[in-house]
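Report on the structure
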Amino acid sequence: MELERFASYVALSLPIIFIVGLAIVIHANPWFSFTNNALSDMGSLKNPNRWLFNGFVMFFAVVAMIPAVVAFKHGLSYLMPLALVFLFLVGVFPEELPYHTPSAVLFYVLALADIALVGIKLGRKSPVNYVWGVLAVVVFLTMLYLIRAKVFKGLAIPELIGASLILAWFVYIGLLLKGLKP
């Protein structure tokens, strides 16, 4: 029970860790633009500060793995631990390397699929949980639309839309691990 409690606190803290970490990375890269860049541009081999972004992504993936694995043990996750492995690989492979894009795409696809699947599963206990499944699909389609329609020159805004739902899901998982009934 102690591990569940610790994992719940970690899950609840993930949005704060993400916001603070991203703010530090952006502060170190004043050239970065949400509308003109992808987040991974800050981890580019051409960027002398790349270690900060790549290190943050790897650190975040390792920390997020704690509640993801505990959630998996409790049937509250199927794919999130694997998604976080791919997020870790996003930090290992800067955008110029061939494994970067597949890792980033698989992170989002697996994480959003996990939210949809578990949302549907939990929806059997309480219909309000079906909202998670719907949100996961809507967010995925919104990301695809923004990217394919080239609404923005860069990918940062679609990436942050996906990240926002994933972070909200981790908060919900944290509450479930604390004892909230689904």
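In this report, we go over the structure that sits alongside the text. (Residues numbered from 1 in each chain as written. Predicted model: local features only at pLDDT ≥ 70, side-chain atom pairs only at ≥ 80, totals over all residues. Heavy atoms only, no water.)

Regarding unusual backbone geometry
What counts here: Secondary structure elements are defined from DSSP: runs of H or I of at least 4 residues count as helices, runs of E of at least 2 residues count as strands, and each element is numbered from the N terminus. Three exposure classes are used, based on accessible area relative to the maximum for each residue type with a 1.4 Å probe and protein chains only: buried under 20%, partly exposed in between, and exposed over 50%.
A positive phi angle is found at Lys 150, which is not glycine, with a value near 50°. If you trace the backbone, Lys 150 turns up in the loop between helix 5 (130–148) and helix 6 (156–177). The exposure class assigned to Lys 150 is exposed, which follows from its relative accessible area of 66%.

Quick look at the layout of surface pockets
As a reminder of what qualifies: Buried and open spaces are told apart on a 1 Å grid over the protein atoms alone, a cavity being a set of points where a 1.4 Å probe fits but cannot get out and a pocket being an open set with protein on both sides within 12 Å along at least five of seven lines. Residues with an atom within 4 Å of a point are the lining residues. Grid points are joined across faces, edges and corners, and a volume is the space filled by probe spheres set on the points. In this classification, Asp, Glu, Lys and Arg are treated as charged, Ala, Val, Leu, Ile, Met, Phe, Trp, Tyr, Cys and Pro as nonpolar, and every other residue, Gly included, as polar.
Quantified by volume, the largest pocket comes out at close to 390 Å³. Ala 104, Val 105, Ile 147, Leu 155 and Glu 159 are the residues nearest the centre of the largest pocket, which is lined by 17 residues in total. Of all the elements in the fold, those that place two or more residues in the lining of the largest pocket are helix 4 (100–123) and helix 5. Top element by residues in the lining of the largest pocket is helix 4. It accounts for seven residues. Looking at the lining of the largest pocket residue by residue, the classes come out as eleven nonpolar, three polar and three charged.

Considerations on the environment of Phe 53
Stated formally: The criterion used for residue contact is that any of the two residues' heavy atoms lie within 4.5 Å.
Topologically, Phe 53 is positioned in helix 2 (residues 50–73). For the pair Phe 53 and Ala 83, spaced 30 residues apart in sequence, the C-alpha separation works out to 18 Å. Residue contacts for Phe 53: discarding those within four places in its chain leaves Val 25, Leu 39, Ser 40, Met 42 and Gly 43.

A short note on empty space enclosed by the protein
Within this structure, the stated rule accounts for two cavities of 30 Å³ or more. Within this model, the largest cavity holds a volume of roughly 330 Å³. Lining the largest cavity are 20 residues, and of these Phe 18, Leu 39, Leu 87, Phe 107 and Tyr 108 lie nearest its centre. For the lining of the largest cavity, the elements supplying multiple residues, two or more each, are helix 1 (2–28), helix 2, helix 3 (80–92), helix 4 and helix 6.

Describing the nonpolar core
Where a protein is soluble and globular, its nonpolar side chains tend to be buried together. We count it as follows: For the purposes of this section, nonpolar cores are sets of buried Ala, Val, Leu, Ile, Met, Phe, Trp, Tyr and Cys residues that join through side-chain atoms within 4.5 Å.
In terms of nonpolar packing, the biggest core is built from 53 residues, with Met 80, Phe 107, Ile 115, Ile 166, Trp 169 and Phe 170 touching the most fellow members. If you list the elements that add at least two residues to this core, you get helix 1, helix 2, helix 3, helix 4, helix 5 and helix 6. The leading source of residues in this core is helix 6, at twelve residues. Discounting chain neighbours no more than four positions away, the residues touching Phe 170 are Ala 11, Leu 14, Ala 64, Pro 67, Ala 68, Met 80 and Leu 84.

So, the environment of Phe 32
Following the sequence through the fold, Phe 32 ends up in the loop between helix 1 and helix 2. Through-space distance from the C-alpha of Phe 32 to that of Ala 156 is 9.8 Å; in sequence the pair is 124 residues apart. Those residues in contact with Phe 32 that sit more than four places away from it in its chain are Ile 26, Asn 37, Ala 38, Leu 39, Met 42 and Ala 156.

Structural notes on the packing of helix 2 against helix 3
As a reminder, the rule being used: Angles shown run from 0 to 180 degrees and are taken between the N-to-C directions of axes, each axis being a line fitted to C-alpha atoms and, for helices, limited to the stretch in contact. Angles are sorted into four bins: roughly parallel if under 35 degrees, roughly antiparallel if over 145, roughly perpendicular if 65 to 115, and oblique for all others.
Direction vectors running N to C along helix 2 and helix 3 enclose 170°, while the axes themselves pass 8 Å from each other. As far as their axial angle goes, helix 3 and helix 2 are roughly antiparallel. Contact residues: Asn 54, Val 57, Met 58, Phe 60, Ala 61, Val 62, Ala 64, Met 65, Ala 68, Val 69 and Phe 72 in helix 2; Met 80, Pro 81, Leu 84, Val 85, Leu 87, Phe 88, Val 90, Gly 91 and Val 92 in helix 3. Considered class by class, the residues forming the contact of helix 2 with helix 3 number 18 nonpolar, two polar and no charged.

A few points about a nonpolar patch on the surface
Using the following cut-off: A residue counts toward a patch only above 30% relative accessible area and without a salt bridge, and it is joined to like-charged neighbours within 9 Å or, for Val, Leu, Ile, Met, Phe, Trp and Tyr, to nonpolar neighbours within 5 Å. For every accessible area listed, the method is Shrake-Rupley and the probe measures 1.4 Å; residues are considered covered only by the protein chains on display. For salt bridges, the criterion is a side-chain nitrogen of Lys or Arg within 4 Å of an Asp or Glu carboxyl oxygen.
A surface patch of nonpolar side chains, about 470 Å² in accessible area, is lined by Val 105, Val 109, Val 137, Phe 140, Leu 141 and Leu 144. Within the residue set of the nonpolar patch, elements represented by two or more residues are helix 4 and helix 5. Among the elements that make up the nonpolar patch, the one with the highest residue count is helix 5 (four residues). Summarising the element assignment, Val 137 is placed in helix 5.

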